[in-house]
Amino acid sequence: MTSTGPLTPRLPSPLVEIRDGRFVRHGLRLLLKRDDLIHPELIGNKWRKLAPNLEAAAGRQVVTFGGAYSNHLRATAAAGRLLGLPTVGVVRGQELADRPLNPSLSRCAADGMRLHFVDRSTYRHKSEPETLAAILRAAGAEGAYVVPEGGSNAAAVRGCRALGEELRGRADVVAVACGTGGTLAGLAAGLAPGQRALGVPVLKGGFLAADIQALQEHAFGARTGTWSLDDRFHFGGYARTTPELDTFAERFEHRHGLPVERLYVAKLLYALAALAEEGAFARGTSIAAVVTGRPFPEA
């Protein structure tokens, strides 16, 4: 991975304990793994997943995929700017091409990413070789290095294994919010025996367990580590929140002085508080929550 130059990370990321009554009263310790502090522009798991892929790209143009609010697209665009690497973002939703760019896509464009919009049906089939080839032709990106949606591939999963290794012996349960599942797949592989990883999917669908197992098989040859998912805390799906979740995040911010990113981190912390209340963790359990991002400034 890149260890010098504009992508130099702060590793290992800090692990800090916070006292929160919702955990303390159940005899639980809550620690925050501050992956949001790894790099000022490639936040959290985005650095861990992108760095090995950018190394593999070896200076070639990079093409990747995401929705209109994709953290992954923004991170890839920022990396391209920092490294002087051309990037293309294939964006889900042809209808967006004729609309003003939202703040997230505006940031991508400002960082030099060329945006290519595709209809949602084509996007669903983007991993099929014929469809992918057609997308690359249409985007003028044949021969580019392709990074999948969310950055999750075998290289990224192996990069995220270091997250688990940094947490060996530091917590009983390590929890992370999941989009495409690559971070959990690597994290679980890096933990020590006796530790377990818990994933909180932020999308609806219940498909993620099979995807994570497939990622581990591609990266390591087999399902690895002890991990599970709790699908109850997506709050309606990706990029969706509710007043209840917003209130929870605002109160957490006020109590602990930590800006809480809404699409992933808020759902993770809410899930852990709810599980603590349900008695899902035995007294004396230490829980590390991976802070994978920070709020994106809308202005």
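See the structure above.
Everything numeric here is computed off the predicted structure, so don't read it as measured data.

(A) Inspection of the overall build of the protein at higher detail. Each helix and strand counted, the protein has 11 helices and 10 strands in total. On the principal axes, the C-alpha backbone points of the protein span a range of 55 × 40 × 35 Å. Out of the 299 residues in the protein, the part that is buried amounts to 54%. Long-range pairs, those at least 24 residues apart, make up 73% of the contacts in the protein between residues at least 6 apart in sequence.

(B) Spotlight on the packing of helix α8 (residues 182-190) against helix α9 (residues 208-220). Contact geometry of α8 with α9 gives a least axis separation of 9 Å together with a crossing angle of 55°. Here α8 is positioned oblique relative to α9, judged by the angle of their axes. Seen from above, α8 lies across α9 with right-handed handedness. When α8 is examined against α9, the residues Gly182, Leu184, Ala185, Ala188 and Ala189 are found in contact with a partner set consisting of Ile212, Leu215, Gln216 and Phe220. Taken together, the residues that form the contact of α8 with α9 break down as 7 nonpolar, 2 polar and no charged.

(C) Local environment of the sheet that holds strand β5 (residues 114-118). The strand order β5-β4-β3-β6 describes an open sheet built from 4 strands, whose pairing is parallel. On the outer flanks of this sheet lie β5 and β6 (145-146), each paired with one strand and no other. Here 2 bridges tie strand β3 (residues 62-66) to β6, and the two strands are oriented parallel to one another. Across the sheet, Val63 pairs through a bridge with Val146, a residue of β6.

(D) Main features of the nonpolar core. In this structure, Phe23, Leu269, Leu272 and Phe281 are the most contacted members of the largest nonpolar core, which totals 36 residues. Contributions of two or more residues to this core are made by β2 (29-33), β7 (173-178), β8 (196-201), α10 (243-256), α11 (265-278) and β10 (286-290). Examining the composition of this core, we find that 11 residues originate from one element, α11, more than from any other. With near-sequence residues (within four places) excluded, Phe23 lies in contact with Leu28, Leu30, Leu272, Ala273, Ala276 and Ile287. By size, the runner-up hydrophobic cluster in this structure holds 22 residues, among which are Ala154, Leu163, Leu167 and Ala171.

(E) Quick look at the packing of α10 against α11. Two numbers describe how α10 lies on α11: the axes approach to 10 Å, and their chain directions differ by 90°. As the angle between them shows, α10 and α11 are arranged roughly perpendicular. Only Ala266, Lys267, Leu269, Tyr270 and Ala273 of α11 make contact with α10, whose side of the interface consists of Glu244, Leu245, Phe248, Ala249 and Phe252. In terms of residue class, the contact of α10 with α11 is built from 8 nonpolar, no polar and 2 charged.

(F) Spatial organisation of the pairing of β8. Most of β8 is tucked away: 5 of the 6 residues are buried. Relative to β8, β7 runs parallel, the two being bridged by 6 bridges. Residue pairing for β8: Ala175 is matched across the bridge by Leu198. Bridge analysis of β8 against strand β9 (residues 227-229) gives 3 bridges, and the strand direction is parallel.

(G) Focus on the pattern of salt bridges. One pass over the structure, following the stated rule, counts 17 salt bridges. Across the pair Asp20 and Arg255 runs a salt bridge whose closest N-O atoms are separated by 3.9 Å. Of the two residues, Asp20 is situated in the loop between β1 (15-18) and α1 (21-24) and Arg255 in helix α10; the sequence distance between them amounts to 235 residues. The salt bridge partner of Glu149 is Lys126, with a shortest N-O separation of 3.3 Å. Placement of Glu149 in the loop between β6 and α7 (154-166) and of Lys126 in the loop between α5 (120-124) and α6 (129-138) is noted, with a sequence separation of 23 residues between them. Taken together, the salt bridges that share partners define one network made up of Lys33, Asp35, Arg48 and Glu166.

Cut-offs applied
Residues numbered from 1 in each chain as written. Predicted model: local features only at pLDDT ≥ 70, side-chain atom pairs only at ≥ 80, totals over all residues. Heavy atoms only, no water. Helix = DSSP H or I, 4+ residues; strand = E, 2+ residues; numbered from the N terminus. Buried < 20%, exposed > 50% of the residue type's maximum accessible area, 1.4 Å probe, protein only. Contact = heavy atoms within 4.5 Å. Axes fitted to C-alpha atoms, helices over the stretch in contact; angles between N-to-C directions. Parallel < 35°, antiparallel > 145°, perpendicular 65-115°, else oblique. Left-handed = near helix turned anticlockwise from the far one by under 90°. Nonpolar A, V, L, I, M, F, W, Y, C, P; charged D, E, K, R; others polar. Pairing = 2+ DSSP bridges. Core = buried A, V, L, I, M, F, W, Y, C linked by side-chain atoms within 4.5 Å. Salt bridge = Lys/Arg side-chain N within 4 Å of Asp/Glu carboxyl O.

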